[in-house]
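# A closer look at the structure
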Amino acid sequence: MSIADNLSRLHEEIAAACRKAGRSDSEVALMAVSKVHPVESILEAYAAGQRLFGENRVQEFQEKSARLGSLTDVAFHLIGPLQSNKTNKAAELFDAVDAVDSLKIAQRLDTAAVALGKRLPVLIEVKLSHEESKHGVAPAELTALLEAMQELKAVEAVGLMTVPPWSEDAEMARPYFRELRRLRDEAAVRFPRVTQLSMGMSNDFGVAIEEGSTCVRVGTSIFGKRVYPAGV
Ligand SMILES: *Cc1c(COP(=O)(O)O)cnc(C)c1O
């Protein structure tokens with residue numbers, strides 16, 4: 001199966017999940033997660049009409065972006081954890097940062113974005129499981145973070161994202177998706193710009209769409225299995 005075939009199959013699957021949930025498929029964006037895959041794969045997806053991409057490391061994308069300069073009408077989002085020494089680069093390279101998990105990172109991105117004269121929409125990553133390895137703010141800290149972020153000039157919180165514990169069974173993710181949606185609905189009362197819900201990956205995007213996802217982040221089902229280089 002080519003990347004173009006995979007994308008068209010995914011669009012059909014997303015449309016089917018939307019029909020099942022009584023939603024319009026125009027409400028759900030498909031993000032192609034190209035991390036670890038080569039620039040050629042991004043170009044192939046672009047040629048097939050894909051315009052929204054997710055990368056999870058600043059350094060990796062910096063190298064790729066040098067070869068992507070000619071693409072127009074395309075958006076790259078940072079979807080992985082961001083260290084504070086990479087915020088300037090991240091603000092410069094990405095169109096949005098989808099995994100902000102502290103005020104400090106949001107402030108540093110804001111300073112960088114102001115200097116660049118650029119508006120930077122962000123999502124707040126919420127940690128809903130107790131796994132040590134997971135990033136994100138605790139649900140109880142969300143309101144205070146959104147409140148503090150209202151002072152920012154160029155960075156604006158436009159939604160929430162989460163990564164549930166990995167499971168073969170998509171149903172295991174449903175309670176996490178449902179909880180993120182509840183938090184979004186609650187936050188939107190005070191912060192009406194917080195609308196987006198980035199949730200759902202290759203193995204569970206159908207369930208995520210049923211629970212209200214507005215952006216599914218799909219890597220493996222588009223680009224195939226990631227083969228990590230030795231030493232990474
Ligand atoms: C890698 C990654 C994805 C894509 O995962 P697949 O299972 O390959 O679809 C989605 N979201 C985040 C945050 C990722 O790091």
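Residues numbered from 1 in each chain as written. Predicted model: local features only at pLDDT ≥ 70, side-chain atom pairs only at ≥ 80, totals over all residues. Heavy atoms only, no water.

In the annotation of an unreviewed UniProt entry, the entry for the protein reads Pyridoxal phosphate homeostasis protein, and the organism field reads Edaphobacter aggregans. Of the comments in the UniProt record for the protein, the one headed Cofactor (unreviewed entry) reads "pyridoxal 5'-phosphate". Quoted verbatim from the Function (unreviewed entry) field of the UniProt record, the comment on the protein reads "Pyridoxal 5'-phosphate (PLP)-binding protein, which is involved in PLP homeostasis." (UniProt positions renumbered as here; feature names shortened; annotations may be inferred.)

Counting its secondary structure elements, the protein contains nine helices and eight strands. Taking 2.2 N^0.38 as the reference for a compact globule, 232 residues should give roughly 17 Å; the C-alpha atoms of the protein span a radius of gyration of 17 Å, in line with that estimate. In terms of overall dimensions, the protein has C-alpha extents of about 45 × 40 × 35 Å along its principal axes. Counting the 232 residues in the protein, one finds 49% classified as buried. Look at the contacts in the protein between residues 6 or more apart in sequence, and 61% of them connect residues 24 or more apart. Element-wise, carbon and sulfur atoms account for 51% of the exposed surface of the protein, whose accessible area totals about 11,200 Å². (Helix = DSSP H or I, 4+ residues; strand = E, 2+ residues; numbered from the N terminus. Rg over C-alpha atoms; globule rule 2.2 N^0.38 Å. Buried < 20%, exposed > 50% of the residue type's maximum accessible area, 1.4 Å probe, protein only. Contact = heavy atoms within 4.5 Å. Areas by Shrake-Rupley, 256 points an atom, 1.4 Å probe, with all protein chains shown as cover.)

Attention now goes to unusual backbone geometry. Within the chain, V36 stands out as a residue other than glycine whose phi angle is a positive 75°. For V36, the location among the structural elements is in the loop between strand 1 (29-33) and helix 2 (39-47). The exposure class of V36 is partly exposed, given its relative accessible area of 25%. A positive phi angle, near 55°, is found at D73, a position not held by glycine. With respect to the helices and strands, D73 occurs in the loop between helix 3 (58-65) and strand 3 (75-78).

Residue placement: V218 occurs in strand 8 (residues 215-218). When the C-alpha positions of V218 and Y228 are compared, they lie 17 Å apart, and in sequence the two are ten residues distant. Apart from residues no more than four positions distant in its own chain, V218 is found in contact with L10, L30, M31, A32, V33, M201, S202 and F205.

This part takes up the site of the ligand. Neighbouring residues of the ligand: V33, K35, I79, M201, S202, R217, V218, G219, T220 and R226. Within the backbone of G219, a nitrogen or oxygen atom sits 2.8 Å from an oxygen atom of the ligand. Contact distances for the ligand include 2.5 Å between an oxygen atom and a side-chain N or O atom of T220. Taking 390 Å² as the accessible area of the ligand by itself, protein coverage stands at 90%. Its residues assigned to classes, the shell around the ligand shows four nonpolar, three polar and three charged. (Near = heavy atom within 4 Å. Polar contact = N/O pair within 3.5 Å; in protein donor to acceptor, adjacent residues only side chain to side chain. Nonpolar A, V, L, I, M, F, W, Y, C, P; charged D, E, K, R; others polar.)

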